[in-house]
Amino acid sequence: MFISYRRSDSADATARIHDHLEMYFGEEVVFRDIDQMKGGDDFPMRLERELSGCSLGIIMIGSTWETCRQEGNIRLFDEDDPIRLEVLKLLEHKRPIIPVLLGRRDMPRIKDLPTELARIASIHAIQISMTYDFGRGLMELVEQIHDKTGITFHDYRVLLAQCRHTGLVTFLENFLDDKSYRTEIRDSKELIVVQNDGRSWIDTNQEILRSRLADITKDTKVVLYHPQSKFLEILDAKNRKGLDRQISEIQGSFRLLKGFAIHSGNFGIHAHDGFNPYSLILTENKAFMDPYLLNARGALPRFIFTSSTPNGMYHTLREDAYKLYRNSAELTEESFEIKTTRA
């Protein structure tokens, strides 16, 4: 969609609407010259390409759109006026047009328009107020764009409301892109971690963990798979390490953590025999959750929930994690001595 606007008339309002349209439809389908034009672009050629290739034109019409003057002359009647050229090209290419009235109630009158542009006076316009009921007008524009072009949109306001309700503050496609959890595990007075074998997490955070587990003022709990768990076969099917190696890595994690915590009296490492669907790092302030079920491309996504949302997901995850810890067995060297009867 191509947005036509007069900078002297509606730059601020257009910027606000443009940003919302990008959130509804995506950045790749909304063109506004100030955003997409780059140094070295041939302005007329780029505009011609965008105008001829667009599916729809949105004309932002402010209070002086048709009466704006330059050197005493009405700009819209100047054959070189960019707005006149843009609207004319949209009409020539027979693109659907949606006029948007900003700070006014009526479309320009035919007598106030150049003959070539007179047709737009009869097009139904949408009113969007910047000060009153902005959301209603914007939603009408979004629905009209969809009706005229078929471009899919998503109501991000509903999505944001749902995220706020659950306490979701961040979603990352790859958990490796998140470094904020390191500050949390370093500073949080309470930390509970639920992992499979824990090796990659421990290897990545050795220095922080060594420092944390030497601090007797901090409470740390870790839950790993029990080396005798029947669900290790499911884990092996996911990561294909082999059962012996999987057990060896659980044991390696156990020994590293025990070595880090030699001077700490506020550390516990347990092992559970259930099915664990996610990796979880839970501090006093945030829950960092990576669901294994979404491991389609080898990199887990990350959901971060805040503890400041009452009844949000943080509190559900915290309750589940501590219940898992209380109902699981303390992990010891003896846990690895019997290789199980996995027939």
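See the structure printed just above.
All of the points below concern the structure found in this document. (Residues numbered from 1 in each chain as written. Predicted model: local features only at pLDDT ≥ 70, side-chain atom pairs only at ≥ 80, totals over all residues. Heavy atoms only, no water.)

A count of helical and extended segments in the protein gives twelve helices and 14 strands. Relative to the globule expectation of 20 Å for 343 residues, the C-alpha radius of gyration of the protein, 30 Å, shows a markedly less compact shape. Dimensions of the protein, computed from C-alpha atoms along their principal axes, come out at roughly 90 × 40 × 35 Å. Considering only intrachain contacts with a sequence separation of at least 6, the fraction spanning at least 24 residues in the protein is 72%. The average position of the 46 basic charges and that of the 52 acidic charges among the side chains of the protein differ by 2 Å. (Helix = DSSP H or I, 4+ residues; strand = E, 2+ residues; numbered from the N terminus. Rg over C-alpha atoms; globule rule 2.2 N^0.38 Å. Contact = heavy atoms within 4.5 Å. Lys, Arg positive; Asp, Glu negative; His and termini not counted. Charge placed at Lys NZ, Arg CZ, Asp CG, Glu CD.)

This next bit is on the sheet that holds strand β5 (residues 97–102). Overall, parallel pairing links the four strands, which are arranged β1-β2-β5-β6 in an open sheet. Taken across any chain shown, the strands that pair with only one partner, and hence form the sheet edges, are β1 (2–4) and β6 (126–128). Across the sheet, the mean angle from the axis of one strand to that of its neighbour is 25°, orientation sign disregarded. Note that β5 and β6 share three bridges and pair parallel. Across the sheet, L101 pairs through a bridge with Q127, a residue of β6. Across the sheet, helix α5 (residues 134–149) lies against β2 (57–61), β5 and β6, angled at about 145° from β6, the strand it touches most. (Pairing = 2+ DSSP bridges. Axes fitted to C-alpha atoms, helices over the stretch in contact; angles between N-to-C directions.)

The subject of this paragraph is the nonpolar core. Counting residues in hydrophobic clusters, the biggest one holds 27 residues, and the most contacted among them are W201, L257, I269 and L331. When residues of this core are traced back to their parent elements, those giving at least two are α7 (180–187), β8 (190–194), α8 (199–204), α9 (206–213), β9 (219–225), α10 (232–239), α11 (243–260) and β10 (267–272). The element contributing the most residues to this core is α11, with five residues. Once you skip the residues sitting within four places of it in the chain, I269 turns out to touch V222, L224, F254, L257, K258, Y325, E330 and L331. (Core = buried A, V, L, I, M, F, W, Y, C linked by side-chain atoms within 4.5 Å. Buried < 20%, exposed > 50% of the residue type's maximum accessible area, 1.4 Å probe, protein only.)

This part covers the packing of aromatic side chains. Tallying each qualifying case throughout the model produces eight aromatic pairs. Ring geometry for F254 and F336: centres 5.9 Å apart, planes at 40°, overall tilted. Of the two residues, F254 is situated in helix α11 and F336 in the segment after β14 (329–330); the sequence distance between them amounts to 82 residues. The buried category is assigned to F336, whose relative accessible area is 6%. The ring of Y325 is capped by K221, whose NZ or CZ atom sits 5.6 Å from the centre of that ring. (Phe/Tyr/Trp six-rings, centres within 6.5 Å; stacked < 30°, edge-to-face > 60°. Lys NZ or Arg CZ within 6 Å of the ring centre and 35° of its normal.)

The topology assignment puts T309 in the loop between β13 (302–306) and α12 (313–326). Take T309: its relative accessible area is 14%, and that puts it in the buried class. Every residue in contact with T309, bar those within four places of it in the chain, is listed here: R164, H165, T166, G167 and H315.

Here we take up the environment of H226. Along the chain, H226 turns up in the loop between β9 and α10. For H226, a relative accessible area of 18% gives the class buried. On a C-alpha basis, the gap between H226 and K111 in space is 82 Å, while along the polypeptide they are 115 residues apart. Here H226 is in contact with L232, A271, H272 and S335, once residues within four sequence places are set aside.

For E71, which is not a glycine, the phi torsion comes out positive at approximately 55°. Despite not being glycine, D133 has its phi angle at roughly 55°, a positive value. Relative to the helices and strands, D133 is located in the loop between β6 and α5. By relative accessible area, which is 39% here, D133 ends up partly exposed.

Take the pairing of strand β12 (residues 286–291) next. With respect to burial, β12 is a largely interior element, five of its six residues being buried. Note that strand β11 (residues 278–283) and β12 share five bridges and pair antiparallel. Looking at the pairing, Y278 lines up with P291 of β12. Following β11, the chain reverses through two residues before pairing antiparallel with β12. Sheet topology note: the β12/β13 ladder contains four bridges and is antiparallel. Bridging from a neighbouring strand, F288 pairs with I304 of β13.

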